[in-house]
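Topology and contacts: notes
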Amino acid sequence: MLHPGAWWVWALGLAAAASRTTNPLLLILILAVAGLVVTARKPDAPWARSFTVFLKLGLFVIAIRVVFQVILGTPIGDHVLVALPVVPLPTWLAAIRLGGDITMESIIFAVCDGLRLAVLIACVGAANSLASPTRLLKAMPPALYEAGVAVVVAMTFAPQLVTDVGRVKQARRLRGRPSTGIRGALGAAMPVFEGAMDRAVTLAAAMDSRGYGRTKYLPARVRHFTAALMLGGLVGVCIGLFSLLQTSDSPGGHQEVGEPFLIFGILAAALGMYLGGKRSIRSRYRPDPWAIPEWLVSLCGVAAGVGVIAAGRWEPLSLSMPISPLAWPALPLVALVGIVLAALPAILAPELPVSKSLQRQAPAPQLTEVAA
Amino acid sequence: MIRFENVSLTYPDTAGPTLSNVNLTITEGELAVLIGRTGSGKSTLLRAINGLVPHFTGGLLTGRVIVDGRDTRTHPPRELADVVGLVAQDPMSGFVTDTVEEELAYGMETLGVDPQAMRRRVEEALDLLGLADVRDRPLLSLSGGQRQRTAIGAVLTTNPAVLVLDEPTSALDPGAAEEVLAAIQRLVLDLGLTVLMAEHRLERVVQYADAIVVIEDGLVRSGTPAQMLAESPVVPPVVELGRQMGWSPLPLSVRDARRAGAPARAALAQTPLDSTAASHDSQTRPIGEVVAECDHLSIRYGGFVAIPDLSLTFRRGEIVALMGRNGAGKSSLLNSLVGLVKPRSGAVRVGADLADPWGMAGSHLITRVGLVPQEAGDLLYAQSVHDECVDADRQTSAPSGTARALLDSIAPGIDDQTHPRDLSEGQRLALVLAVVLTSSPPVILLDEPTRGLDYPGKKQFTKVLAKLADQGHCIVMATHDVELVASAAHRVVIIADGDLVADGPTSEVVVSSPMFAPQVSKVMRPFDVLTVAQAVQAMRSVAQG
């Protein structure tokens, strides 16, 4: 199995590439690359089936974007498709325009813009279905581990809650009470929450008695310093990423402050995590190694990002869809090479081992308990 | 290894102390069994060993608890994790990760064990507990016995000196319980682990114990098994038999009892059989009309076939025990009888008019069939016993006071104002049973009714069942408890993978199976005797004659 971090680096590289362009050729290419790698290297696990969900979400985003453009957008260009009347609005709402002509240019602009977001979502979806969430948790830096456990435990509670609702509804039916509708739902809520609370307390007791939260002693000054570093670092990273990822032509772009913020943020967070990790005495069982395949996969992803950014430096116009006047988008060579490189993990990543005991055992879930 | 010095514990908002002035020493390498009635403070005592009581639960603890030289006063549970391994009653509720191997490693990770040692110990634990075949399976897909062994393995890998188990076999079928107990015995014999375990079904563990700790009203006594069982409030059937027959030394295992009973059996063999046959009335019982049946029933969940093809009928006045491994389809059958599961094919009919329960409105359903689920408390939601009874009356339009009268006939003297959560396990079962009976359904289904009951509780419960059957109710209970089946059921149905394996009178089905035979029948073999009372009666009759 590949280290889950490698898949995330790869996917974030692709996502960075997608965020910098509205060129539909490049975007569709990125989407194709993500889809190809997911189909080739997706493991057979419940969490791995989420890619299509993310794709559907992307389609939805494009649709919303187009609808907004039609209703509220200013028309671009002069190829009018449908002429709609403009709804008269009071003068204090002059900035907003409702209705009006729908032009080919504005529709294409909206589709490309929505596509950018959809592809970004698909990249996250690809990482999600390629890398196991629990394995990713194992690879977390020690300083973040305890927060990570809380997240994972919360995630396992959600399906349990659904089971509980079913059980309580059945119990209400056995007492001859309404089990559906609003009254049924209200009656079920209380016992379900009580049950969830009880389980949370039991689990906390079990984790405590198995040594969760054992720490080494560190002086209070060091601990406060660590917390400040981590927090400051994360804020820095956020500001830095936000400014860097804004395309140069978008309003309010402050690319020049992006890089120093990002570098400072990463340094501070890394130092904070290093210091925070000192408190933890935790060791790792069979850690996922970071070897040549991991380097290759993550570099392939980074290549896509670098390719698109480089194309933006040399020929900035090639990254956006020419709207007015309408024209066929350009295909910058650097970006093309970068994105194609990102498809290589489909062959480079090691094939998945097939679990022996899973193969032998027929999937017979313990459904009696769900039914009980 | 474990030392309690003048320990008293009082929880806030309770009248008296839960533990009072406990002095207890368990030496290294001992297997000690903690026995006591439900609600006597067993779990509190066990959880005080690793400091969960009072660090986690609150309450005022005086005195000292010292484990392997560490005082729980200064060491919270996480600082004792490398010394005490605590396995809770329901293993699933304590699992943190999602596969067997990761769960075994989790405790060591938090303790910072060196990765190479960690790898080695996981492999050892997999072998020791027979889990190697399921090492990368998700925990959710394991059977009950496998889960319990995983939970034991998960605390074992941290090399604790003390293993504390809270009713490790209470939810398991007899086969899975054997697996778990065998694993625990191996740990005691091979690794010299100190083990303290609470267990309701003493018949399974007493013969292996080095010491017995009896807890009664917060007071604790301990001693050798023979010594303590002579006066314990709860004893397994062989010991009860030995006590009543005045055998000395007191037999602890079937083997001991067979040897002690050899003369009596020889005398029985001389006399005609009618003296023993008299004890059984299942063949001669008057049995009423059919009130529940399934006809070529088949149940599936997705691709998983729970019941392929099953036909059964249940009649008024019968007490039927439904037995089989965990996941054999017992719950599916019960659920289909109350219309919670839709049959894939075939028919299910319940009630005096044999109606189909699927899709029936709740108010019609409860006049035909009542189900007491495994978590009996699921059916209760009012704030007091009184409210619960009033509610049951209103729901079924029964005259007011019906539910309360039923409750008094089952378990007299429960205070009206008690919150259902504060009732003991047996009282709660009685309340749920009373609520279900308020609509007087002809069919009553019980899913593992005796899970939290001790011997006196079970005895009382058996009497209630017999009375209900005499009143013409049909009772079907899914259970793993062979001793309960022997004393209560008229008919036993055994299913495996949803198929009918055996169906017949209790004495025939149960005696012929080594797994399901109760202790007394093993002692009295080849005679057809199931309960202590019958055995005593038979042996006394030959002694007098």
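Residues numbered from 1 in each chain as written. Chains lettered and ligands numbered in written order. Predicted model: local features only at pLDDT ≥ 70, side-chain atom pairs only at ≥ 80, totals over all residues.

Observations concerning the interface of chain B and chain A
Taken together, the 57 residues of chain B in the interface contact 42 residues of chain A. Looking at the side of chain B that touches chain A, the elements that each hand over two or more residues are helix 3 (100–111), helix 4 (115–128), strand 12 (304–315), helix 12 (330–337), helix 13 (362–365) and helix 14 (385–396) of chain B. The leading source of residues in the side of chain B that touches chain A is helix 3 of chain B, at seven residues. (Contact = placed C-beta atoms within 7 Å. Helix = DSSP H or I, 4+ residues; strand = E, 2+ residues; numbered from the N terminus.)

Points about the nonpolar core
Counting residues in each nonpolar core, the largest one holds 189 residues, and the members touching the most others are Leu 34, Leu 407, Val 432, Ala 434, Leu 445, Ile 475 and Val 485 of chain B. Ranked by residue count, the leading element in this core is helix 16 (residues 425–437) of chain B, at nine residues. Ignoring anything within four residues of it in the chain, the contact list for Leu 407 of chain B reads Cys 389, Ile 414, Ala 430, Leu 431 and Ala 434 of chain B. Phe 51, Ala 110, Cys 112 and Leu 120 of chain A belong to the second-largest nonpolar core, a separate cluster that totals 52 residues. (Core = buried A, V, L, I, M, F, W, Y, C linked by C-beta atoms within 7 Å. Buried ≥ 20, exposed ≤ 12 C-beta atoms within 10 Å, placed from the backbone.)

Notes on helix 6 (residues 174–191) of chain B
Residue and element names in this part refer to chain B. The terminal C-alpha atoms of helix 6 lie 25 Å apart, and with 18 residues this matches the ideal 26 Å at 1.5 Å per residue to within 8%. Every buried residue of helix 6 is listed here: Ala 176, Ala 177, Val 180, Ala 183 and Ile 184. Around the axis of helix 6, the buried residues are gathered within 125° of arc, so they sit on the same side. Along helix 6, exposed side chains directed more than 90 degrees from the buried face belong to Leu 189 and Asp 190. (Expected span 1.5 Å × (residues − 1). Arc of directions from axis to C-beta.)

A closer look at helix 3 (residues 51–72) of chain A
Residues and elements named next belong to chain A. Its 22 residues place the ends of helix 3 32 Å apart at the C-alpha level, agreeing with the 32 Å of an ideal helix rising 1.5 Å per residue. Buried within helix 3 are the following residues: Phe 51, Phe 54, Gly 58, Arg 65 and Gln 69. Around the axis of helix 3, the buried residues are gathered within 60° of arc, so they sit on the same side. Exposed residues lying more than 90 degrees from the buried face of helix 3 are Thr 52, Leu 59 and Val 67. The secondary structure elements touched by the buried residues of helix 3 are helix 2 (24–41) and helix 4 (104–130).

Quick look at the confidence of the model for chain A
As a note on interpretation, predicted positions should not be read in detail where pLDDT is low. Residues and elements named next belong to chain A. Model confidence for chain A is summarised by a mean pLDDT of 81, while 88% of its residues fall at 70 or above. Across chain A, the secondary-structure element scoring lowest on mean pLDDT is helix 14 (residues 367–371), at 38, and the one scoring highest is helix 2, at 93. Note on residues 355–372: pLDDT under 50 across the span, and 31 contacts to partners over four residues away in sequence or across chains. (pLDDT = per-residue confidence, 0-100.)

Some points on the environment of Ala 303 of chain A
Residue and element names in this part refer to chain A. By secondary structure assignment, the location of Ala 303 is in helix 10 (residues 292–314). Counting along the chain gives 293 residues from Ala 303 to Trp 10, while the straight-line C-alpha distance between them is 9.0 Å. When neighbours within four sequence positions are excluded, Ala 303 is seen to be in contact with Gly 338, Leu 341 and Ala 342.

Observations concerning the sheet that holds strand 19 (residues 499–505) of chain B
All names here are of chain B. Spatially, 15-16-17-13-18-19 is the arrangement adopted by the six strands of the open sheet, whose pairing is mixed. Looking at the sheet topology across the chains shown, the edges are occupied by strand 15 (369–372) and strand 19. The mean angle between the axes of side-by-side strands here comes to 15°, regardless of whether they run parallel or antiparallel. As judged from the four bridges shared by strand 13 (residues 319–323) and strand 17 (residues 474–478), these two strands associate in the parallel manner. Paired with Ala 321 across the strands is Met 477, a residue of strand 17. Where helix 12 meets the sheet, its contacts fall on strand 13, strand 15, strand 16 (443–447), strand 17 and strand 18 (491–496), and the angle it forms with strand 16 comes to roughly 150°. (Pairing = 2+ DSSP bridges. Axes fitted to C-alpha atoms, helices over the stretch in contact; angles between N-to-C directions.)

Some points on the sheet that holds strand 4 (residues 60–67) of chain B
All names here are of chain B. One open sheet holds the four strands; their spatial order is 2-1-4-5, and the pairing between them is antiparallel. Among the strands making up the open sheet, the edge pair consists of strand 2 (19–26) and strand 5 (70–71). Relative to strand 5, strand 4 is paired through two bridges, and the arrangement is antiparallel. Bridge assignment links Val 67 to a residue of strand 5, and that residue is Arg 70. This element, helix 1 (residues 42–49), spans strand 1 (2–10), strand 2 and strand 4 of the sheet and lies at about 125° to strand 1.

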